[in-house]
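So the chains spell out like this:
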Amino acid sequence: MKRKILNCLLPLATVLYNLLLAYAVYFIARAVFYLENSALLAGSLSTLRHSMELLRGGLVFDTTAILYTNALWVVMVLFPLHLKETRAYHRVCRAVFVAVNTLALALNLGDAVYFRYSMRRTTTTIFHEFANEGNLGDIILTEALGHWYLFALAAAVAWGLWKAYGAMPQPDRRQLDWRVYTPTALASLLAFAPFCVAGMRGGWTRDVRPITLSNANNYCDKPTEAALVLNTPFALIRTIGKNLFKVVPYYATQRELAAVYTPVHRPHPKAPFRRKNVVVIIIESFGREYIGAYNKWLEGGRYKGYTPFMDSLIARSLTFEHSYCNGRKSIDGMPSVLSGVPMFVEPYFLSPYSNNEVGGLADCLRGKGYRTMFFHGAERGSMGFMSFARATKFGAYYGREDFNADRRTNGDREFDGWWGISDEPFLQYMNMKLTDTRQPFMAAVFTLSSHHPFRVPAPYRNVYREEQLPIHKVIRYTDHALKRFFDEARKQPWFANTIFALTSDHTNMSNHAEYQTDLGGFCSPVVFYDPSGEIKPQMRHAIAQQTDIMPTLLGYLNYDRPYVAFGVDLLSTPDSDTWAVNYLNGIYQYVKHGLVLQFDGQRTKAVYALSDRLMKHNLLGKTGEQPAMERELKAIIQQYMERMTENKLRVTSEE
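Residues numbered from 1 in each chain as written. Predicted model: local features only at pLDDT ≥ 70, side-chain atom pairs only at ≥ 80, totals over all residues. Heavy atoms only, no water.

Chemist: Give me the overall build of the protein: which residues, what numbers.
Modeler: The number of helices and strands found in the protein is 20 helices and 14 strands. Each of the 655 residues in the protein was classed as buried or not, and the buried ones make up 56%. Long-range contacts, defined here as pairs at least 24 residues apart, represent 76% of the contacts in the protein between residues at least 6 apart. Summed over all atoms, the accessible surface of the protein reaches about 27600 Å², with 58% contributed by carbon and sulfur. (Helix = DSSP H or I, 4+ residues; strand = E, 2+ residues; numbered from the N terminus. Buried < 20%, exposed > 50% of the residue type's maximum accessible area, 1.4 Å probe, protein only. Contact = heavy atoms within 4.5 Å. Areas by Shrake-Rupley, 256 points an atom, 1.4 Å probe, with all protein chains shown as cover.)

Shown next, in the form of C-alpha cells:
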C-alpha cells in the first residue's frame with residue numbers, strides 16, 4: 001500500500017520539480033536582461049542588499065507568471081484519472097511544458113532588446129502601438145540578425161528543458177490502483193490549488209490585491225529597475241484588456257494644444273523660497289458630506305455633521321465651497337494629491353504606464369533639501385502605497401511593521417483586526433517621527449480607520465456608536481484622532497513652521513441625495529491650515545480639486561522650478577479660473593464657471609449648474625460657457641493621454 005501511495009504522488013513531485021526548472025528559465029532571462037541593458041541599469045546591483053531586494057521582487061513576479069502560464073500543464077499532470085498515466089500522454093505534457101516556457105523565455109529575451117527603446121516591459125499596448133506599422137517585420141528581422149546569440153540561447157534552453165524534464169520515472173499504469181490513485185491525485189490537486197492562487201495574486205493576506213506592474217516599485221530605488229524586477233509574460237497578462245489610454249488628437253499641433261491648456265508649471269516667485277515644513281493628511285473616505293462646516297445649508301440648516309474637530313479646523317483654514325476628489329479609489333487619490341495626476345479611464349498606478357517617471361511634492365522638495373516621509377498604518381505592501389511612495393521619491397516609508405518596532409508604541413496591540421494600526425495611535429506615532437526629524441521636512445499620511453468594515457477601536461465602542469450609516473461612527477473616531485494629533489503637534493517645535501493640507505482619498509457611504517449624484521460622489525474636502533496665519537482663513541466661493549494641492553503648496557513655498565501637475569495654484573488663481581475634472585464610467589466631468597459639463601470623449605452629454613445639487617436640469621446647449629469648457633476639457637484629456645503614453649509626466653528638455 002505504501003508503495004502504491006508513493007507511486008500516486010509522483011505527479012505532484014513532477015510538478016514541483018519542473019516548476020523549479022521554470023524558475024531557472026526566468027532567472028536566465030533576467031540575467032540576460034541585465035547584461036543587455038547594464039548601461040541603463042547602472043548601479044542597480046551595486047550593493048548586495050539591494051541586489052537581493054531586486055531578486056526577491058523578481059521571484060514574486062516570476063511566481064505569478066509561472067503559475068499563470070503553466071496552469072494548463074499543472075492540471076494535465078495532476079488530473080485525477082489513472083488512465084492518463086502513459087508514456088504518450090506524458091510526452092504531450094513534456095511538449096506543452098517546454099513550449100510554454102520557451103515562449104516565456106523568448107518574450108523576456110525580446111524585451112531585453114526592446115527595453116532600450118521603451119524603458120519599460122512590453123505590455124498589451126504594443127499591439128495597438130504598432131498596429132499600423134508597415135515596416136515592423138523589417139525592424140524585427142534586423143534586430144533578430146543583430147542578436148542571433150539570443151536565438152541560440154533560447155534553442156539551448158529549450159533543449160535543456162526537454163532533456164531535464166521530469167527526471168522521475170513515470171509509474172506503469174498497470175501498477176496503479178485507481179482506488180488509491182484517484183483520491184491521492186485529487187488531494188494533490190486540491191492541496192496545490194491554494195498555493196497556486198496565492199502565487200498568482202502575489203501573496204496570502206487580504207491586503208494584497210492581485211499584484212500589478214506598479215508593485216515592482218516596492219523593490220526598486222528608481223523607475224528603470226522595475227523592468228528588472230518584472231518579467232514580460234506577467235506584464236502582458238496583467239494588462240490584457242486594460243490598455244484604455246488612447247490619444248485622441250483634438251488639437252493637431254503641440255502649439256495649438258498648449259495654447260489652450262498645459263500642465264507644465266513654470267513658477268517665477270517674487271520672494272525667496274520658504275523652508276517651511278509640509279504635512280499632507282489624506283483621510284480615508286472622509287467625504288464632504290460628513291463635515292458640518294461644508295453643509296450649513298443641508299437639512300434645512302439643521303445638519304451638524306460628524307466632525308466637530310474638522311469643523312473647528314476649517315474655521316481657521318482656507319477651504320473651498322466646491323472641492324472634489326479626482327477618483328473613487330484610494331489608489332486614485334494618491335497620484336492626484338501628491339503628484340497632481342488625476343485618474344482618467346483607469347487608475348494610473350494600476351495601468352500599463354505605472355512605471356512612467358513621475359514627479360510630485362516629495363520629488364520637488366527633496367531637491368530643496370527636505371526630508372520626505374510617507375506614513376500608512378497598514379502592512380508595507382498594502383494598496384500599492386509603498387510602490388507609489390518609492391516611485392515618487394519619498395525618502396522613508398513607515399507602516400505597521402515600523403510602528404510595531406518602535407518601543408514608544410503599544411505595538412500590534414493597536415492593530416484594528418482588519419487593515420492596520422488604528423488612526424489615533426498611528427497619528428501619534430507620526431507625530432513622534434516628525435519631532436525626531438530635522439527640519440525642513442515633507443510628510444504625507446494616509447489614514448485607514450474610516451474604512452469598511454467600519455470598526456471603532458475597543459476603547460471607543462461605547463463612545464462612537466452606530467448612527468444613520470455604519471461609517472458615521474468611524475468618521476467620528478477619525479475626527480477625534482485628528483484632534484489628538486493636532487493637540488500634540490501644537491506642543492512640538494516644528495508646528496509653527498508648518499503648513500498642513502487635508503483632503504480625503506475619495507467619498508464613501510451617503511444618505512443625502514445631494515451627494516449621490518454623478519458629481520456628488522466626488523465631493524471631498526480641500527483644506528489648507530497655516531498656523532502662522534499667513535494664509536487667510538476663509539471659505540472661498542471657488543472650485544478646488546486634489547490635483548491643486550501640489551501646485552498650491554509649492555506656490556506658497558515660492559518654489560521656483562518647472563514641474564507637471566494637472567491643477568492650479570489656488571493661492572494665485574482667481575476664483576473664476578479654478579476648475580476640477582474627474583472620470584466616471586466613460587464620462588469626463590469638468591467643473592468650472594459654476595457648471596459641470598459631462599463629456600464622453602466625443603461630445604457633451606449634459607451640462608448642469610452647481611446650484612442644481614440634484615443634477616436634474618440639463619442645460620445642454622443653453623449656456624455660453626459650454627464651447628469654451630469643451631475646448632479646455634479636450635485639451636486636458638489630450639495632454640493627459642499624450643503625457644501618459646509618451647512618458648512625459650515630468651518636464652522634458654524640449655518643453
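Additional details are given in the paragraphs that follow.
Chemist: I'd like a rundown of the sheet that holds strand β12 (residues 587-592), residues and numbers included.
Modeler: The four strands are arranged β11-β12-β13-β14 in an open sheet whose pairing can be described as antiparallel. Each having just a single partner strand, β11 (580-584) and β14 (604-609) make up the two edges of the open sheet. Taking the axes of each pair of neighbouring strands and ignoring which way they run, one obtains an average angle of 20 degrees across the sheet. Where strand β13 (residues 595-599) lies against β14, five bridges are found, and the strand directions are antiparallel. Residue pairing for β14: Leu595 is matched across the bridge by Ala609. Helix α20 (residues 626-645) contacts β11, β12, β13 and β14 of the sheet and is inclined by roughly 125 degrees relative to β12. (Pairing = 2+ DSSP bridges. Axes fitted to C-alpha atoms, helices over the stretch in contact; angles between N-to-C directions.)

Chemist: I'd like a rundown of the sheet that holds strand β2 (residues 277-283), residues and numbers included.
Modeler: With mixed pairing, eight strands are arranged side by side in an open sheet as β5-β4-β6-β2-β7-β8-β3-β9. Each edge of the sheet is formed by a strand with only one pairing partner; in this case those strands are β5 (396-398) and β9 (538-545). Put simply, the sheet's adjacent strands are angled 20 degrees from each other on average, direction ignored. Pairing of β2 with strand β6 (residues 441-446) involves five bridges; the strand directions are parallel.

Chemist: Give me the lowdown on the side chain of Asn18, citing residues and values where you can.
Modeler: Relative to the elements of secondary structure, Asn18 occurs in helix α1 (residues 2-36). According to the relative accessible area criterion, Asn18 is buried, its value standing at 0%. A distance of 2.9 Å separates a polar side-chain atom of Asn18 from the backbone oxygen of Thr14. What Asn18 contacts, discounting residues up to four positions off in sequence, is Trp73, Phe97, Ala164, Tyr165 and Gly166. (Polar contact = N/O pair within 3.5 Å; in protein donor to acceptor, adjacent residues only side chain to side chain.)

Chemist: Describe unusual backbone geometry, naming the residues involved and giving the relevant values.
Modeler: Here the amide bond leading from Gln439 into Pro440 is cis, since omega sits at 0 degrees, within 30 degrees of zero. As for its placement among the helices and strands, Pro440 is situated in the loop between α17 (423-436) and β6. Residue Glu299 is not a glycine yet carries a positive backbone phi of 55 degrees. Look at Glu299 and you get partly exposed, because its relative accessible area is 34%. Positive phi outside glycine occurs at Asn558, with the angle close to 65 degrees. By secondary structure assignment, the location of Asn558 is in the loop between α19 (549-556) and β10 (563-564). The buried category is assigned to Asn558, whose relative accessible area is 14%.

Chemist: Tell me what's going on with the confidence of the model for the protein, and back it up with residues and numbers.
Modeler: Averaged over every residue, the pLDDT of the protein is 88; residues scoring 70 or more account for 89%. Contacts for the low-pLDDT stretch residues 1-8, under 50 throughout, to residues beyond four places or in other chains number 12 contacts. Residue range residues 129-135 is modelled with pLDDT below 50. Its contacts to residues more than four positions away, or to other chains, number three contacts. (pLDDT = per-residue confidence, 0-100.)

Chemist: Could you give an account of a nonpolar patch on the surface, naming the residues involved and the relevant values?
Modeler: Taken together, Phe27, Leu48, Met52, Leu55 and Leu59 make up a surface patch of nonpolar side chains, about 500 Å² in accessible area. Tracing the chain through its elements places Met52 in helix α2 (residues 48-69). (Patch = residues over 30% accessible without salt bridge, like charges linked within 9 Å, V, L, I, M, F, W, Y side chains within 5 Å. Salt bridge = Lys/Arg side-chain N within 4 Å of Asp/Glu carboxyl O.)

Chemist: Mind laying out the pairing of strand β3 (residues 318-324), listing which residues take part and the relevant values?
Modeler: Most of β3 sits inside the fold, with six of its seven residues counted as buried. Judged from the two bridges that link them, β3 and strand β8 (residues 526-529) form a sheet pairing that is antiparallel. Looking at the pairing, Thr319 lines up with Val527 of β8. With six bridges connecting them, β3 and β9 associate as parallel partners. Each residue of the ladder has a partner; that of Ser323, found in β9, is Ala544.

Chemist: Describe the packing of aromatic side chains, listing the residues and the values that go with them.
Modeler: Taken as a whole, this structure holds 42 aromatic pairs when the rule is applied. Ring geometry for Phe273 against Tyr370: centres 6.1 Å apart, planes inclined by 75 degrees, an arrangement best described as edge-to-face. In this pair, Phe273 sits in the loop between β1 (264-265) and β2 while Tyr370 sits in the loop between α14 (361-366) and β4 (371-376), placing the two residues 97 residues apart along the sequence. Through a chain of ring-to-ring contacts, three or more aromatic side chains come together here, namely Phe245, Tyr261, Phe344, Tyr353, Phe566, Trp579, Tyr583, Tyr588, Tyr590 and Tyr640. Here the guanidinium or amino end of Arg288 rests over the ring plane of Tyr324, the centre of that ring lying 5.3 Å away. Sitting over the face of the ring of Trp297, Arg613 holds its NZ or CZ atom 3.7 Å from the ring centroid. (Phe/Tyr/Trp six-rings, centres within 6.5 Å; stacked < 30°, edge-to-face > 60°. Lys NZ or Arg CZ within 6 Å of the ring centre and 35° of its normal.)

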